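What follows is the residue order along each chain.
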Amino acid sequence: MMPNLTRTLLLSLLLSSPLLAQAQNSPPSPSPGRTLTLAQAEALALKNNPQIAIGKLRALVAQQYVREARSALLPNAYLSVTAVDSNPGSRLSAGGLNNPILFPRAAAGATVGQLITDFGRSTNLLSSSQYLAKAEDQNSAATTAQIILAVDQAFYNVLETKDLVTVAQKTVASRQVLVDKIKALTNAKLKSDLDLSFSAVDLARGKLLFLEAKNNYETSLAILSAILGFPDEQNFQLVDEPAPIAPPALDVLPLIQQALQQRPEVTALQDQVQAAEKFGSAEHDLWRPTVSALGVVGEAPVRDNHIPNWYGAVGVNINIPIFNGSLYNARAKAADLQTELNRQKLSDLRNNIARDVRNSWQDTNRAYERLSVTQQFREQASLSLDLAQARYNLGLGSIVEFSQAELQQTEADIADTDAKYQYRLTQIVLAYTISAPK
């Protein structure tokens, strides 16, 4: 008798716990918040998420590198003002091989320089920077797609956990009714304490399920709030816009081809390969001569009598590299190795994308098949519960049979709810892997 009495006391304490009583009656969220559709959530993320701004800023920085590389092909002009006070006619005698004469003067002039040709090096550097800028644009697009994927997943996770909270609430409510009914029958000596104990345990399990479901709902809501760029949890009321359930594609090969053609990560790495090739060509061009022109003109209003009042000159300068300790050879070899490294990274990325598309397609097919199975499971569990309840009410079945039927009904409801949202999530992931437009 003592173990049964102890069990009854523990169950009474559990059922009368303030925390569980509060959990049973509390709603999924403390107060109604702003309504939010999936399109609005995506727009908020694109506006507020820092990763979006980071991707755009990197693309803008890359554009400035293009301007920097282009400047080597444009003329350089600058003004100079010089004033010298010296011992007239003196010379620099140390520190150089030449001994220019120093005269007191004050002069101003302009200098213009223009690269005539470096046999393709500057052009290749410009092309390399342009490809890198294109790659950053594609990386920004890839970041945007990743954020949209995260928003969609978090959005449907919130909806799923909220529906699971509703399932748990209904479970607690139905089991509470059963406990109250059996308790009344027990008090009337029509049911045993064993029946009351089993039903009380099932009620406690339902309340624990509700607590877990509610915690998962709050966690998923916090994750969604963070992705949307909010520092704290927002009490959104999500608006589901159900779409017709379409079966997945029959063949995965067209999806793989679409992914390899449209994924921004692939395009970005292709641009990086092109940039590395152009940079490698520029490094090989270091051994070629550089031809540049220079022109100067100016006036010296204050000057020594030996200096004319104006000056001007034009010239052409040719630099031919001869030896630099294998510096240029090492730079060219490093650029070639970097190009091959990028090619291997591109090949690896293509393989990974093909694998991801195939896995996502298989997950989508499995989730689609699971829809009908969980629906049948739910229908059969509901029928079994009705039969078990009828048998129990007529005294033909035991409380154990009835409890198992209730447990199966709860599992079926959870599985069916999860299956619906999991199919949506697998569709979202598949659309991301093949870069399908929304």
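For the structure, see preceding data.
Residues numbered from 1 in each chain as written. Predicted model: local features only at pLDDT ≥ 70, side-chain atom pairs only at ≥ 80, totals over all residues. Heavy atoms only, no water.

*Asks:* Just to check I follow, could you spell out helix α4 (residues 50-70) for this structure?
*Replies:* Because each turn of an α-helix spans 3.6 residues, side chains separated by three or four positions in sequence point in the same direction. Here α4 is 21 residues long and its end C-alpha atoms lie 31 Å apart, about the 30 Å a rise of 1.5 Å per residue gives. Taken residue by residue, α4 has I52, G55, A59, A62, V66 and A69 as its buried positions. For α4, the buried positions fall inside an angular range of 105° around the axis, keeping them on one side. Those residues of α4 that are exposed and angled more than 90 degrees off the buried face are P50, L57, L60, R67 and E68. Contacts from the buried residues of α4 go to α3 (38-48) and α5 (121-187). (Helix = DSSP H or I, 4+ residues; strand = E, 2+ residues; numbered from the N terminus. Expected span 1.5 Å × (residues − 1). Buried < 20%, exposed > 50% of the residue type's maximum accessible area, 1.4 Å probe, protein only. Arc of directions from axis to C-beta. Contact = heavy atoms within 4.5 Å.)

*Asks:* Mind showing me how you'd approach the nonpolar core here?
*Replies:* One finds Y156, L228, F236 and L238 to be the most contacted residues of the largest nonpolar core, which totals 33 residues. Contributing elements (two or more residues each) for this core: α3, α5, α6 (193-227) and α10 (399-433). Residues V273, I353, L430 and I434 belong to the second largest nonpolar core, which totals 15 residues. (Core = buried A, V, L, I, M, F, W, Y, C linked by side-chain atoms within 4.5 Å.)

*Asks:* Sorry if this is basic, but what is going on with the pairing of strand β5 (residues 105-117) here?
*Replies:* Relative to β5, strand β2 (residues 76-84) runs antiparallel, the two sharing nine bridges. Counterpart to T82 in the pairing with β5 is A107. Where β5 and strand β7 (residues 290-303) come together, 11 bridges link them in antiparallel fashion. Residue pairing for β7: V112 is matched across the bridge by G295. (Pairing = 2+ DSSP bridges.)

*Asks:* Sorry, what's going on with the packing of aromatic side chains here?
*Replies:* Two descriptors summarise a pair of aromatic rings, namely the distance from one centre to the other and the angle between the planes of the rings. What the rule picks out here adds up to four aromatic pairs. Seen in terms of ring centroids, W287 and Y328 are 5.3 Å apart; in terms of plane orientation they differ by 80°. Their pairing is edge-to-face. Residue W287 is found in the loop between α8 (264-284) and β7, and its partner Y328 is found in helix α9 (residues 327-393); the two are separated by 41 residues along the sequence. Relative accessible area serves as the criterion here: at 19%, Y328 is assigned to the buried category. Where Y368 meets Y423, the ring centres are 5.4 Å apart and the plane angle is 45°; that geometry is what we call tilted. (Phe/Tyr/Trp six-rings, centres within 6.5 Å; stacked < 30°, edge-to-face > 60°.)

*Asks:* Can you help me understand the side chain of D118 in this one?
*Replies:* Tracing the backbone through its elements, the reader meets D118 in the loop between β5 and α5. No salt bridge is formed by the buried D118. Its closest oppositely charged neighbour is R121, at 5.4 Å. Polar side-chain contacts of D118 include one of 2.6 Å to the side chain of S122. In this structure, D118 is in contact with D285, R288, P289 and T290, ignoring residues within four places of it in sequence. (Lys, Arg positive; Asp, Glu negative; His and termini not counted. Salt bridge = Lys/Arg side-chain N within 4 Å of Asp/Glu carboxyl O. Polar contact = N/O pair within 3.5 Å; in protein donor to acceptor, adjacent residues only side chain to side chain.)

*Asks:* Looking at this structure, how should I read the environment of E379?
*Replies:* Along the chain, E379 falls in helix α9. On the accessibility criterion, E379 (46% relative accessible area) is partly exposed. Residues E379 and I245, spaced 134 residues apart in sequence, show a C-alpha to C-alpha distance of 20 Å.

*Asks:* Just to check I follow, could you spell out helix α7 (residues 253-262) for this structure?
*Replies:* The set of residues buried in α7 consists of L255, I256, A259 and L260. Burial along α7 is one-sided: seen end-on, the buried residues are contained in an arc of 135°. Structurally, α7 contributes buried residues whose contacts are with α8, α9 and α10.

*Asks:* Can you help me understand unusual backbone geometry in this one?
*Replies:* The general pattern is negative phi for most residues beyond glycine and trans for most peptide bonds. Phi at F119 is positive, roughly 60°, even though this residue is not glycine. In this structure F119 comes out as partly exposed when scored by relative accessible area, which is 39%. Not every positive phi belongs to a glycine, and S326 is a case in point at roughly 65°. With respect to the helices, strands and loops of the structure, S326 is situated in the loop between β8 (310-319) and α9. Taking the relative accessible area as the measure of exposure, S326 reaches 41% and is therefore partly exposed.

*Asks:* I would appreciate a short explanation of the environment of G298 in the present structure.
*Replies:* Of note, G298 is situated in strand β7. Sequence-wise, G298 and R121 are 177 residues apart; in three dimensions their C-alpha atoms are separated by 33 Å. With sequence-adjacent residues up to four places away left out, G298 is seen in contact with A108, G109, N309, W310 and Y311.

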